[in-house]
Amino acid sequence: MNRTKNELSPAQGEEFLHVLKARFEKNKNRHKEIEWVEVQAKLEVNSEKLWSLHEMEVTGGEPDVIGQHGKTGEYIFYDCSAESPKGRRSLCYDRQALDSRKEFKPADSAIDMAAAMGIELLTEEQYRDLQKLGKFDTKTSSWIETPPEIRKLGGAIFCDRRYDTVFVYHNGAESYYAARGFRGCLMV
């Protein structure tokens with residue numbers, strides 16, 4: 001059988017489903033009304049989405065189900081690692097910002113990396129919803145989807161949690177820091 005680039009082997013898929021199931025069962029507070037067997041059934045017929053979740057995992061995101069979309073019935077996965085995923089740090093915001101750097105360019109941008117993984121950056125609302133499920137980014141920060149009017153002016157926004165409060169900040173989109181990454185969202 002020929003697999004596409006964005007697909008796990010059957011053995012990898014089975015092994016990764018065990019990882020997701022263990023995390024799902026350990027963190028029931030994130031998805032009280034959802035049954036794993038239903039989530040697994042959706043994942044088993046969406047090999048590209050399972051691959052995307054695996055990309056979230058191997059970059060340190062610890063993806064988990066945080067809810068179900070009311071209209072589409074899709075399961076919503078967010079990166080639930082305590083800190084911004086390690087494999088997705090030191091990135092500027094987008095391609096335009098990356099191209100604008102003359103020297104000391106980071107390896108990639110958050111938007112490009114998310115697209116390559118098949119996921120989207122969290123919005124501010126999604127980031128705040130995530131923070132209702134625990135304490136995330138207490139030592140790091142995460143780029144979030146930036147409104148076009150801010151991006152047009154050269155800026156980008158990021159969030160973190162300090163003093164038991166979620167803060168939204170701004171920075172030049174071309175900036176990057178070892179403690180700033182991005183968190184993703186995937187609908188399955």
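In what follows, the structure referred to is the one given above.
Residues numbered from 1 in each chain as written. Predicted model: local features only at pLDDT ≥ 70, side-chain atom pairs only at ≥ 80, totals over all residues. Heavy atoms only, no water.

## Overview of the nonpolar core
Counted only if it meets this: Residues enter a nonpolar core if they are buried and are Ala, Val, Leu, Ile, Met, Phe, Trp, Tyr or Cys, with the set joined through side-chain atoms within 4.5 Å. Here's how the labels work: a residue is buried when its accessible area is under 20% of the maximum for its type, exposed when over 50%, partly exposed in between, all with a 1.4 Å probe on protein chains only. Runs of E in the DSSP output that reach at least two residues are strands. Runs of H or I that reach at least four are helices, and both are numbered from the N terminus.
Membership of the largest hydrophobic core comes to 34 residues, with the highest contact counts inside it found for Val 39, Leu 43, Leu 53, Phe 77, Trp 143 and Phe 182. Sorting the residues of this core by element identifies helix 1 (10-26), helix 2 (36-44), helix 3 (47-58), strand 2 (75-79), helix 4 (95-100), helix 5 (110-117) and strand 5 (155-162) as the ones contributing at least two each.

## Re unusual backbone geometry
Phi is positive for Glu 62, which is not a glycine, with a value near 50 degrees. Along the chain, the position of Glu 62 falls in the loop between helix 3 and strand 1 (63-68). The backbone phi angle of Ser 90 is positive, close to 60 degrees, even though this residue is not glycine. Note that Ser 90 resides in the loop between strand 2 and helix 4.

## Details of the sheet that holds strand 1
Put simply, the rule reads: Two strands pair if DSSP finds at least two bridges between them. Only heavy atoms matter for contacts: two residues are in contact if any of them lie within 4.5 Å across the pair. As a rule, the C-alpha atoms of each element are fitted with a line to give its axis, helices using only the stretch in contact, and angles between N-to-C directions run from 0 to 180 degrees.
With respect to topology, 4 strands assemble into an open sheet ordered 1-2-8-3, the strand pairing being antiparallel. Each edge of the open sheet is held by one strand with a lone partner, namely strand 1 and strand 3 (120-121). Sheet analysis places strand 1 next to strand 2, joined by 5 bridges and oriented antiparallel. Bridge assignment links Gln 68 to a residue of strand 2, and that residue is Tyr 75. Contacts between helix 3 and the sheet are confined to strand 1, strand 2 and strand 8 (184-187), with strand 8 contributing the most and set at about 160 degrees to the helix.

## So, the sheet that holds strand 4 (residues 141-143)
Taken in spatial order, the 4 strands of this open sheet run 6-5-4-7, and their pairing is mixed. Where the open sheet ends on each side, the last strands, each with one partner, are strand 6 (165-172) and strand 7 (180-182). Direction aside, the axes of adjacent strands within the sheet are offset by 35 degrees on average. Strands in contact with helix 6 (residues 124-131) are strand 4, strand 5 and strand 6; relative to strand 6, the strand with the most contacts, it is inclined by about 145 degrees.

## What to know about helix 3
Side chains three or four residues apart in an α-helix point the same way, a direct result of the helix having 3.6 residues per turn. For the record, the criterion: In this scheme, a helix's expected span is set at 1.5 Å multiplied by one less than its residue total.
Compared with an ideal rise of 1.5 Å per residue, which puts 12 residues at 16 Å, helix 3 spans 16 Å between its outermost C-alpha atoms and is within 8% of the ideal. For helix 3, the set of buried residues is Leu 50, Trp 51, Ser 52, Leu 53, His 54 and Met 56. Elements that come into contact with the buried residues of helix 3 comprise helix 1, helix 2, strand 1, strand 2, helix 5 and strand 8. Following helix 3 by one or two positions, Gly 60 adopts a phi angle in the positive range, close to 95 degrees.

## Quick word on the packing of aromatic side chains
Spelled out, the test is: Each aromatic pair joins two rings of Phe, Tyr and Trp (for Trp, the six-membered one) with centres within 6.5 Å, and gets the label stacked for planes under 30 degrees apart, edge-to-face for over 60, and tilted for any other angle.
Counting across every chain of the model gives 5 aromatic pairs. Their ring planes at 85 degrees and their centres at 6.0 Å tell us that Trp 143 and Phe 158 sit as a pair that is edge-to-face. With Trp 143 in strand 4 and Phe 158 in strand 5, the pair connects residues that are 15 residues apart, well separated along the chain. Here Phe 158 falls in the buried class, since its relative accessible area comes to 8%. Each ring, one from Phe 158 and one from Tyr 169, has its centre 5.1 Å from the other, and the planes form 20 degrees; the classification is stacked. Pair noted here: Phe 158 is in strand 5 and Tyr 169 is in strand 6, with a separation of 11 residues, a long-range link. The rings of Tyr 93, Trp 143, Phe 158, Phe 167 and Tyr 169 are connected pair by pair, giving a single aromatic cluster.

## Some remarks on the pairing of strand 2
Of all 5 residues in strand 2, 5 are buried; the element is thus mostly enclosed. Side chains Tyr 75, Phe 77 and Asp 79 project from strand 2 onto one buried face, and the interleaved Ile 76 and Tyr 78 project onto a second face that is buried too. Following strand 1, the chain reverses through 6 residues before pairing antiparallel with strand 2; Gly 73 in that reversal takes a positive phi of roughly 80 degrees. Here strand 2 runs beside strand 8; their pairing, made up of 3 bridges, is antiparallel. Each residue of the ladder has a partner; that of Phe 77, found in strand 8, is Leu 186.

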